[in-house]
Amino acid sequence: MRIDIITVAPELLRSPFEHSMMKRAIDKGLAEVHFHNLRDYGIGSYKKLDDMQFGGGAGMVLMIEPIAKCIEKLQAERTYDEIIYMTPDAKTLNQATANSLSLKENIIILTGHYKGVDQRVRDKYITKEISIGDYVLTGGELAAAILCDAVIRLIPGVLGDEQSALTDSFQDNLLSPPVYTRPSEYEGMKVPDILLSGNFPKIEEWRNEKAYERTQLIRPDLLDD
Ligand code: 6GU
């Protein structure tokens with residue numbers, strides 16, 4: 001999978017890709033991530049990227065020309081399955097979206113800044129808009145890193161068997177059950193007997209029950225779907 005990230009702040013984004021699972025995926029050749037500094041496509045000698053919004057109001061808006069130049073240069077090189085815009089005014093990222101994106105060949109992620117991008121960018125180029133939650137970040141860069149992490153770890157071969165994505169929280173719309181490790185007793189707090197029993201069908205049943213209870217308590221909305 002190839003991901004092209006268009007951003008005004010590539011330095012804000014680079015480090016998560018140099019560690020842990022995303023680094024492993026990139027080192028294994030399972031994911032390729034390229035950063036494109038929007039500034040390189042800016043207008044005139046000042047490399048202008050943004051301007052005041054028509055109709056008045058605070059905040060600068062990213063102009064269409066630099067973004068168009070960058071996207072069209074990439075599109076001339078290959079076909080993209082999705083062109084994603086990271087923005088708080090979109091549907092929230094969930095596991096189903098991450099699963100479906102992990103199967104794509106080439107995607108572009110555009111990250112906004114300031115007041116966002118000119119609406120015509122969204123109308124002309126964007127095939128999918130994603131928010132990572134109901135709060136506002138300064139820019140879409142950290143949101144893009146989160147999206148990439150959620151997607152890249154699902155690419156077949158990235159996770160080892162020992163940490164199969166299939167047992168993740170949310171993979172089946174349930175939160176994870178509680179987990180324990182040694183010692184089996186700490187200051188009088190005991191690990192549930194069932195987990196020490198070696199009765200694996202019963203353990204599985206217990207985990208499902210706890211996952212359901214926890215979901216019911218903390219995220220009952222997940223059970224509505
Ligand atoms: Cl994708 N961008 C920004 N700027 N803020 C956000 C977001 C994205 N998702 C939640 N808040």
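Residues numbered from 1 in each chain as written. Predicted model: local features only at pLDDT ≥ 70, side-chain atom pairs only at ≥ 80, totals over all residues. Heavy atoms only, no water.

Identification of the protein chain as tRNA (guanine-N(1)-)-methyltransferase from Tenacibaculum aiptasiae is taken from an unreviewed UniProt entry. As recorded by UniProt, the Subcellular location (unreviewed entry) comment attached to the protein chain reads in full: "Cytoplasm". You can read under Sequence similarities (unreviewed entry) in the UniProt record for the protein chain the words "Belongs to the RNA methyltransferase TrmD family." (UniProt positions renumbered as here; feature names shortened; annotations may be inferred.)

Chemist: Just give me the short version of the domain arrangement of the protein chain, but keep the residues and values in it.
Modeler: For the protein chain, the domain assignment lists domain 1 (2–153) and domain 2 (169–222). Here domain 1 and domain 2 have C-alpha centroids that lie 37 Å from each other. (Domains from an automatic or database assignment.)

Chemist: Now, about unusual backbone geometry: what can you tell me, with residues and values included?
Modeler: Across the junction of Arg182 and Pro183, the peptide omega takes the value 5 degrees, indicating a cis bond. You can see Pro183 is positioned in the loop between α5 (141–152) and β8 (185–186). Positive phi, close to 55 degrees, is recorded for Lys47, a residue that is not glycine. In this fold, Lys47 is placed in the loop between β2 (32–37) and β3 (50–52). With relative accessibility at 35%, the residue Lys47 sits in the partly exposed group. Not every positive phi belongs to a glycine, and Glu187 is a case in point at roughly 45 degrees. Structurally, Glu187 can be placed in the loop between β8 and β9 (189–190). (Helix = DSSP H or I, 4+ residues; strand = E, 2+ residues; numbered from the N terminus. Buried < 20%, exposed > 50% of the residue type's maximum accessible area, 1.4 Å probe, protein only.)

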